[in-house]
Amino acid sequence: MSVTNRGREFLKTGAAYVREHRRARLGLFVGIPASVLVVFFIFPLVTMAWMSFLSDMPPAPLTLEHYLRIFTGDTYLTVLWRTTVLTVQTTVIVVVLGYILAYSIARFTKRTTIVLLLIILPFWTNYIVRMYALINIFQFGGALDTVLMAAGLAAEPSGIMYTHMAVLLGLTYVWLPLATFPFYASLTNLDTDLIDASKDLGAGPIKTFVRVTLPMTKNGLIAGIVLVSVPAFGSFVTPALLGGTNVLMVGMVIEEQFAAAFNWPFGSALGMVVTAIVVLIVGLGFWLGAGGQLGGDAE
Amino acid sequence: MSAFDRLETAIHRHGKTVGLALMVTILTLIWIPIGVVTLMSFASEGVLSFPPETYTLDWYVSVLQNDTAIDATLTSLKVSLVATPITVFISLIAAFGIARYDFKGKDGLQMLLTLPIIVPLVVTGVAMTLFFGRIGLSSGFSTVLIAHVVRTVPFAALIIIPTVLSFDRTLEEASKDLGADELRTFRRVTLPNILPGVIAGGLLAFTISFNEFVYTYFVRDTATQTLPVYMWGLIRDSITPEVNVISVLFLLLAAGVLLIAVSLTSLKRLILRG
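The following paragraphs examine the structure supplied in this document. (Residues numbered from 1 in each chain as written. Chains lettered and ligands numbered in written order. Predicted model: local features only at pLDDT ≥ 70, side-chain atom pairs only at ≥ 80, totals over all residues. Heavy atoms only, no water.)

## A word on the interface of chain A and chain B
Size of an interface: often given as the accessible area lost when the parts come together. Note the following rule: Should any heavy atoms of two residues lie within 4.5 Å, those residues are counted as being in contact. Simply put, the buried area is the total loss of 1.4 Å probe accessible area from both parts when two parts are fitted together. A side-chain nitrogen of Lys or Arg and a carboxyl oxygen of Asp or Glu constitute a salt bridge if their distance falls within 4 Å. Pairs of N or O atoms are called polar contacts if they sit within 3.5 Å, as long as, within protein, a hydrogen donor faces a hydrogen acceptor (for residues adjacent in sequence, only side-chain-to-side-chain pairs). A run of H or I in DSSP counts as a helix once it spans at least four residues, and a run of E counts as a strand once it spans at least two, with each numbered from the N terminus.
The interface is formed by 90 residues belonging to chain A together with 93 residues belonging to chain B. Roughly 8,200 Å² of surface becomes buried between chain A and chain B when both sides are summed, with 80% attributable to carbon and sulfur atoms. The largest contributions to the chain A side of the interface with chain B come from Phe41, Trp124 and Tyr132 of chain A, which together make up 10% of the buried area. Linking chain A to chain B there are 1 salt bridge. The closest approach of N and O atoms between Arg25 of chain A and Glu182 of chain B, which form a salt bridge, is 3.7 Å. The interface formed by chain A and chain B contains 13 residue pairs in polar contact (both at pLDDT 80 or more). It is helix H2 (residues 22-51) of chain A that provides the largest number of residues to the side of chain A that touches chain B, a total of 23 residues.

Laid out in structure tokens, this is it:
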């Protein structure tokens with residue numbers, strides 16, 4: 001009894017202290033979230049950065065050899081180049097399809113909610129499940145082969161698993177919703193009076209789109225490009241399941257250095273390079289004006 | 001009439017039809033893979049031939065009798081049900097800190113909260129493994145839990161911070177003027193107002209945690225096998241028809257959680273922040 005009383009008393013004093021001292025309260029509100037992320041997110045990245053300069057497993061002397069190895073030989077430049085190509089291709093396809101989708105939802109259909117739900121639901125479904133769904137279609141004798149053969153476009157099953165095309169389609173499939181949403185947001189925020197004004201002044205649909213709609217949705221467009229290209233560049237699950245060793249992306253090489261090759265310092269260096277590239281993409285996006293859409297401010 | 005003019009007239013006349021047709025086509029393409037998986041989960045021949053010739057519920061029964069699958073599901077639930085309240089608590093106090101105080105480094109905190117979304121999962125996953133190794137924290141439930149909190153906080157915060165920011169504080173003052181103390185005001189006024197947004201943030205955190213794969217893959221030990229990790233193993237080693245069934249269950253779970261989240265907050269907020 002007295003123990004609980006004392007405990008209650010202690011809590012009360014503590015609560016009163018925190019209530020009365022602004023600094024203590026601030027420390028609690030800001031300190032807890034900040035320290036969780038600093039300790040368990042920033043510290044790991046710092047550990048990785050440090051590891052990337054070690055010649056071997058610690059303790060070991062400092063070196064730049066891993067970075068030199070990435071940028072001087074052909075092997076890793078090829079992987080980085082392939083990753084870049086796939087990221088650019090994915091982003092272009094996703095931006096075009098996503099914009100068409102967002103435009104049609106914003107302008108042409110009244111069933112906005114149901115259509116948005118139909119787009120977001122697959123996106124909320126497990127990533128690996130979505131990859132597996134594509135395997136069902138891409139594999140030898142899968143749904144794609146069945147359709148192609150029935151249409152007379154293919155004589156025998158071939159499948160497209162473990163090809164560049166499979167990885168590209170996979171990345172497009174998973175990231176399409178992520179670009180559609182910011183496009184949709186910026187299109188619905190666009191004042192339709194401007195469109196009417198442009199048309200009243202004699203501009204046709206193409207001119208109106210190029211001169212009014214596109215520039216007015218620029219920020220949403222940039223946000224979509226960043227939101228898609230960043231995860232695409234760092235992807236590991238999609239190329240691992242759909243591309244295999246035929247379509248090596250940099251995320252897979254990082255995983256391989258840790259899980260199979262046990263060259264942690266080299267894997268760390270690759271990780272730092274990927275992080276630098278991704279931070280560069282995001283910084284560029286912010287600089288070009290996508291800041292508001294990428295998070296931070298209130299609606 | 002120039003070709004350009006003709007094109008403009010065509011767009012003017014048929015733009016809407018073409019746009020809608022493209023929309024329906026894209027939606028169909030998005031849903032075909034999911035439809036195929038669902039269909040295949042009832043196929044008696046297993047995974048190889050499409051379309052299936054005969055249908056059965058056997059694979060659903062065999063998943064229910066598969067102890068490894070059930071263990072993985074329980075592990076996933078355990079991780080997500082512990083990680084979600086921690087994530088909501090962290091996001092909530094961060095939201096109050098940001099909404100109610102002016103302090104140096106506010107932008108820094110907001111950035112810190114979104115940063116884990118930006119850094120590629122495989123990089124953070126590996127970095128965490130290195131860090132846990134350095135500080136001597138052995139892989140297991142605790143490392144998976146920490147990873148899940150780091151993974152879900154940014155998403156929950158992106159929903160919960162705007163919720164707290166948009167809460168009208170004059171309601172609190174009114175409550176205090178009417179004689180309610182701080183605790184009572186929080187319980188009776190503040191909490192009911194922000195609760196829908198907080199629950200939506202929690203549901204998003206739960207969904208992301210339950211589906212989390214990459215971080216878990218790196219920081220786990222062999223005893224801590226979540227459902228997505230189990231799925232990964234099944235797909236890589238030997239594809240069994242049970243994978244189709246588990247996929248359908250994942251889809252149903254996503255649909256259920258999404259509908260609850262949408263009914264609690266606006267679809268727009270979920271879409272633009274999630």
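## Focus on unusual backbone geometry
Residues and elements named next belong to chain A. Defined as follows: Residue exposure (1.4 Å probe, protein chains only): buried if accessible area is under 20% of the type maximum, exposed if over 50%, otherwise partly exposed.
Omega for the peptide link from Pro58 to Pro59 comes to 0°, which places this bond in the cis form. Among the secondary structure elements, Pro59 is positioned in the loop between H2 and helix H3 (65-72). With a phi close to 60°, Tyr162 is a non-glycine residue in the positive phi region. With respect to the secondary-structure elements, Tyr162 resides in the loop between helix H7 (143-150) and helix H8 (164-189). Taking the relative accessible area as the measure of exposure, Tyr162 reaches 43% and is therefore partly exposed. Even without being a glycine, Phe262 presents a positive backbone phi close to 55°.

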